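Structural characterization, general
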Amino acid sequence: MQSMKKGKTQQVKRPIYEMLEAAAKAQSAHMPGHKGHAPFGAADLYRLDTTELPSTDDLYVPERGIAEAERLYAKAAGAGTTLLLHNGSTVGIHVMLQLWAREGDTVLLPRNAHLSAMNACIIGGLRPAWMQVTRRQDGYCYLQPEDVLQAIHQHPEAKTLLLTRPDYYGGCMPLKAIIAAAHEAGIRVVVDEAHGAHLPWMEGGIQSAGVYGADAWVQSVHKTLPGLTGSAVLHLKDPEDGGRALQLLRREQTSSPSFLLMMSMDDARAWMEAEGKTRLAATVAAANALRVRLQSTTYREAHALWQATGMQFDPTRLVIDAPEGGERLAQRLRMQGIEVEMHDPWRVVMILTCMDSPEEIRHIGEVLARLAEEPPVHCLIMEENAPLPQQAMTPRKAVMSETKRVPIRQAVQEIAAVSAGLYPPGIPLVCPGERITAETAEQLAKAAPQQRFGTEGDTILCVK
């Protein structure tokens, strides 16, 4: 942007624009799922950005364009009703956990649930009953069906069961028997399907949670479909639940929703209905061809190593075991112009979508094949789970109480006012309202600051 003064040009600073322009030069193996390509061609977003007018619509009382977009999305997803979200899947998880559970009610949560699940408990005054995950020594953490069934048996008072599927690594647990058992016990099943917005258009293999009878499921359109960041959809099996869901959304979201995000959700759905199945099949074929090519290299596809878990794996999620370690491989790929979604000590994770061309996916394989083999590094062995901490008060009461900062090693038996743990695996060792054990304090204290989350320096926030 330049001033219009004649004979003098003044350059103004646009740091975020400049930052984004620089980032856009790399090949995207990460979200957002549009990969920098508008499905129906570029549009002047500033010209289209507007507010609720007689000629537009109201997200919370939709009658025209929004109502029709939600009807079409529900039909495509096999839902009774669909609500457009513009605060991502986070707000959808908040709504799902409060749809059928009221203050003081129990909800079943996997210990590796997204942070928004804990925040929903804080906002709604819910009592979480945790389901512990299984940890492989190579760092992969997953929820076993038998542990979910046991939790259903142990907590017949629970109102809602939350499952995450797919996980960040593309893992999908079987749902049919779990949903049947939960419904028999009178428990609603809701699914964090943030990483599965493409599943309604996936032919064969993995299907969306609604197919298996989930009561509600939320999807991040921006993660695996060509939607703008922050766009998501909440699907409900029973249209009668839409009224309360909309009431909760009024409380959870801004009263000034972005029409641009809503347009991108509708465009993503429309483009997928026009071309999605064909393009998605091409993406899967190219990803599988890349996997075959990797078999002759030092890089192994992690999904093949995890078959014994009983999980299905999304073929559009590329998970590469790296002998030089995940961080080093991510750095080397960055130097070759490829940005991955994430890395852990063992591997890198790439998100492939129908907006990736087969040529772009083949290029990833070519780059990996070219990279010189480096000596393996010693990657840590994932420790087994410790017993879950004692829950001394509800998460809401802990967070709303007066708090104090306590040196980590001196916090044994204190009640945490935050979720805190280690990366990897990103699973909290302690959550709000739980007592900090000596083992947890030691694990947090001996970890490097950049490996910890939920702490500040060498202190942790506790209930006073």
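The following refers to the structure shown. (Residues numbered from 1 in each chain as written. Predicted model: local features only at pLDDT ≥ 70, side-chain atom pairs only at ≥ 80, totals over all residues. Heavy atoms only, no water.)

Looking only at helices and strands, one finds 15 helices and 22 strands in the protein. For 464 residues, the compact-globule estimate of 2.2 N^0.38 gives 23 Å, and the protein sits close to it at 23 Å. Considering only C-alpha atoms, the protein reaches an extent of 65 × 60 × 55 Å along its principal axes. With 464 residues in all, the protein has 51% of them scored as buried. The contacts of the protein with a sequence gap of at least 6 include a subset with a gap of at least 24, amounting to 72%. In the structure as shown, the protein presents an accessible area of about 21,300 Å², 52% of it carried by carbon and sulfur atoms. (Helix = DSSP H or I, 4+ residues; strand = E, 2+ residues; numbered from the N terminus. Rg over C-alpha atoms; globule rule 2.2 N^0.38 Å. Buried < 20%, exposed > 50% of the residue type's maximum accessible area, 1.4 Å probe, protein only. Contact = heavy atoms within 4.5 Å. Areas by Shrake-Rupley, 256 points an atom, 1.4 Å probe, with all protein chains shown as cover.)

This model, assessed by the stated rule, comprises eight aromatic pairs. Ring centres of Tyr 73 and Trp 201 lie 6.3 Å apart, and the angle between their planes is 70°; this geometry places the pair in the edge-to-face category. Residue Tyr 73 is found in helix α3 (residues 65–77), and its partner Trp 201 is found in the loop between β9 (188–192) and β10 (216–220); the two are separated by 128 residues along the sequence. Considered together, Tyr 73 and Trp 201 belong to a single accessibility category, that of buried residues. Between Tyr 169 and Trp 306, the aromatic rings sit 5.8 Å apart at their centres with planes inclined by 85°, giving edge-to-face as the arrangement. Linking Tyr 169 in the loop between β7 (160–164) and β8 (171–172) with Trp 306 in the loop between α11 (302–305) and β13 (312–313), this pair joins segments that are 137 residues apart in sequence. In this structure, Tyr 169 and Trp 306 share a single accessibility class: buried. (Phe/Tyr/Trp six-rings, centres within 6.5 Å; stacked < 30°, edge-to-face > 60°.)

This next bit is on the pattern of salt bridges. Throughout the structure, instances matching the rule amount to 23 salt bridges. For Arg 347, the salt bridge identified is with Asp 138, shortest N-O distance 3.9 Å. With Arg 347 in strand β17 (residues 347–351) and Asp 138 in the loop between β5 (134–135) and β6 (141–142), the pair connects residues that are 209 residues apart, well separated along the chain. Here Arg 347 falls in the buried class, since its relative accessible area comes to 0%. Note that Arg 188 and Asp 215 form a salt bridge whose closest N and O atoms lie 3.6 Å from each other. (Salt bridge = Lys/Arg side-chain N within 4 Å of Asp/Glu carboxyl O.)

A cluster of nonpolar residues, Ile 16, Met 19 and Leu 20, forms a patch on the protein surface that exposes about 330 Å² of accessible area. Tracing the sequence through the fold places Leu 20 in helix α1 (residues 15–23). (Patch = residues over 30% accessible without salt bridge, like charges linked within 9 Å, V, L, I, M, F, W, Y side chains within 5 Å.)

In terms of burial, strand β4 (residues 127–131) is a largely internal element, four of the five residues being buried. At this point the chain moves from strand β3 (residues 106–110), through helix α5 (residues 115–124), to the parallel β4, and the crossover so formed is right-handed. (Right-handed = clockwise from strand over helix to strand, strands pointing away.)

Attention now goes to the environment of Glu 359. By secondary structure assignment, the location of Glu 359 is in helix α13 (residues 358–370). Spatially, the C-alpha atom of Glu 359 lies 9.9 Å from that of Thr 283, the residues being 76 residues apart in sequence. One polar contact links Glu 359 to Arg 362, side chain to side chain, over a distance of 3.3 Å. (Polar contact = N/O pair within 3.5 Å; in protein donor to acceptor, adjacent residues only side chain to side chain.)

Attention shifts here to the sheet that holds strand β11 (residues 232–236). Note: strands within a sheet are paired through backbone hydrogen bonds, in either parallel or antiparallel orientation. With respect to topology, seven strands assemble into an open sheet ordered β2-β11-β10-β9-β7-β3-β4, the strand pairing being mixed. Each having just a single partner strand, β2 (81–85) and β4 make up the two edges of the open sheet. On average, each strand axis in the sheet is inclined to that of its neighbour by 20°, with strand direction left out of account. The pairing of β3 with β4 spans five bridges and is classified as parallel. Its bridge partner being in β4, Pro 110 is matched across the sheet by Met 131. Helix α9 (residues 242–252) rests against β2 and β11 of the sheet, and its axis sits at about 10° to β2. (Pairing = 2+ DSSP bridges. Axes fitted to C-alpha atoms, helices over the stretch in contact; angles between N-to-C directions.)

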